[in-house]
Amino acid sequence: MVVMESLTHTGADSSPVGAVIRVIVAFVVFFATLAAIGLVLARVPTPDVLVNLPDQIATLCGVAAVVFISTRVFDISPTAYGLKMNRRWISDLLGGTAIGVLFQAVTTAVIVGTGTGTIVDRWSMGVFDGPATLVVALEAAVLAFFIIALWEDFLFRGILIREFVVGLASRGVSQTAATSSAVVVSALLFGALHVNAGAAGLSTAVVVLQAVIGGPYFGLAYVLTGSLALPIGIHF
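This one's a predicted model, so the numbers in the text were calculated from it and none came from an experiment.

**Student:** Hey, could you run me through the overall build of the protein chain in this one?
**Tutor:** Helices and strands together make up the secondary structure of the protein chain, namely 7 helices and 0 strands. Written out in order from the N terminus, the α and β elements of the protein chain read α-α-α-α-α-α-α. For the protein chain, the residues scored as buried account for 38% of the 236 residues in total. Here the contacts in the protein chain between residues at least 6 apart in sequence split such that 77% fall between residues at least 24 apart.

As C-alpha cells, this is what we get:
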C-alpha cells in the first residue's frame, strides 16, 4: 500500500478539527456552487444532442470552486488530493477506464441475468441528423460521465479519505488503521449519497448496494496509487 503523504503545505492544520473543517467546507462549497449554477443553467435552452452534458457544467464549476478554496484558503494544492495531470496520470486514467468497462459489463450482465434490473431505454436515432451529430452526442455523453466520476472521486476519495487519514494520524492512529477506516467511512457515505439517486430499471436498494460495493473498490484504487486517475478511470 502506498504511504499517503501528508498535506503538501507545512502550515496546514493536521489536527482532527482542521481535517473535519476542510471536509465540511469542501462539501458545502461544492453543493452550494452546484445549486447556484444549476439554477442559472436551468433557464438556458440546450440542444438534445448534448444529452446530459449541460447538467454537468454546474458540477464542474463545483469542483473548480472546491479546488479554488482549498488552494487559496487552506493552501493545499489539488495534487495533494491526487489531481496531478501528467503523462502518468493520463496513463492510469486510461488503464482504469479499461478496468471499469470490464467491471461494468460483468455487473450489468449479473443484474440483468438475476432479474434485479432491466434495460428500460435506448438512444433513438431520431435525435440525430447524421453521423456528425451522433459523434457530438457520444462525445458529450463521455464527457458528462467523466465529470460525474471526477466530482464523486475528488470529494469522496481525494478529500474525504485523505483528510480522514490526516486527522486520525494526528491522533496517533497507525497508517494502516487510519487508511482502512477512511476507506470504509468513505464507502458508507458514498452509498448514503445514492439513497435517493435511483436509476431507471434499478431499485434503490440495488443502486445503494452498487455504490457501497464500489466505494471500497474506488477507495482501494486511490490509496494504492495515491492518485485519483485510477479510481476516476474505473468509475468512469
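Now, onward.
**Student:** Explanation requested: a nonpolar patch on the surface in the structure shown.
**Tutor:** Together, Val20, Ile24 and Val28 make up a nonpolar patch on the protein surface, roughly 270 Å² of accessible area in all. With respect to the helices and strands, Val28 occurs in helix H1 (residues 16-41). Exposure remark for Val28: the relative accessible area of 51% places this residue in the exposed category.

**Student:** What exactly am I supposed to notice about the environment of Val66 here?
**Tutor:** For Val66, the location among the structural elements is in helix H2 (residues 53-72). Separated by 39 residues in the primary sequence, Val66 and Phe27 have C-alpha atoms spaced 8.0 Å apart. If sequence neighbours within four positions are ignored, Val66 has contacts with Ala26, Val29, Phe30, Phe154 and Ile159.

**Student:** Can you walk me through the confidence of the model for the protein chain in this structure?
**Tutor:** The predicted coordinates should not be examined in detail at positions where pLDDT is low. When pLDDT is averaged across the protein chain, the result is 79; 75% of the residues are at 70 or more. Within the model, the stretch residues 5-11 combines pLDDT values under 50 with 10 contacts to residues more than four positions away or in other chains.

**Student:** Looking at this structure, I do not really get the pattern of salt bridges. What am I missing?
**Tutor:** A complete count under the given rule lists 3 salt bridges for this structure. Across the salt bridge formed by Glu163 and Arg22, the nearest N and O atoms sit 2.8 Å from each other. Here the residue Glu163 occupies a position in helix H4 (residues 131-169), and Arg22 occupies one in helix H1, the gap between them amounting to 141 residues. Using a relative accessible area of 5% as the deciding quantity, one classes Arg22 as buried. Close ionic contact of Arg157 with Asp153 constitutes a salt bridge, the shortest N to O distance being 2.8 Å. Of the two residues, Arg157 and Asp153 both sit in helix H4, 4 residues apart, roughly one turn of that helix. Each member of the pair, Arg157 as well as Asp153, carries the same accessibility label: buried.

**Student:** It is not clear to me how the nonpolar core should be interpreted in this structure. Could you clarify?
**Tutor:** By size, the foremost hydrophobic cluster in this structure holds 36 residues, and its most contacted members are Val66, Phe154, Leu155, Phe156, Ile159, Ile161 and Ile232. Element by element, the count of residues in this core is highest for H4, at 10 residues. Each residue touching Ile159, except ones within four places of it in the same chain, is listed here: Val23, Ala26, Val66, Tyr81 and Phe154.

Each value, and the rule that gives it
- Residues numbered from 1 in each chain as written.
- Predicted model: local features only at pLDDT ≥ 70, side-chain atom pairs only at ≥ 80, totals over all residues.
- Heavy atoms only, no water.
- Helix = DSSP H or I, 4+ residues; strand = E, 2+ residues; numbered from the N terminus.
- Buried < 20%, exposed > 50% of the residue type's maximum accessible area, 1.4 Å probe, protein only.
- Contact = heavy atoms within 4.5 Å.
- Patch = residues over 30% accessible without salt bridge, like charges linked within 9 Å, V, L, I, M, F, W, Y side chains within 5 Å.
- Areas by Shrake-Rupley, 256 points an atom, 1.4 Å probe, with all protein chains shown as cover.
- Salt bridge = Lys/Arg side-chain N within 4 Å of Asp/Glu carboxyl O.
- pLDDT = per-residue confidence, 0-100.
- Core = buried A, V, L, I, M, F, W, Y, C linked by side-chain atoms within 4.5 Å.

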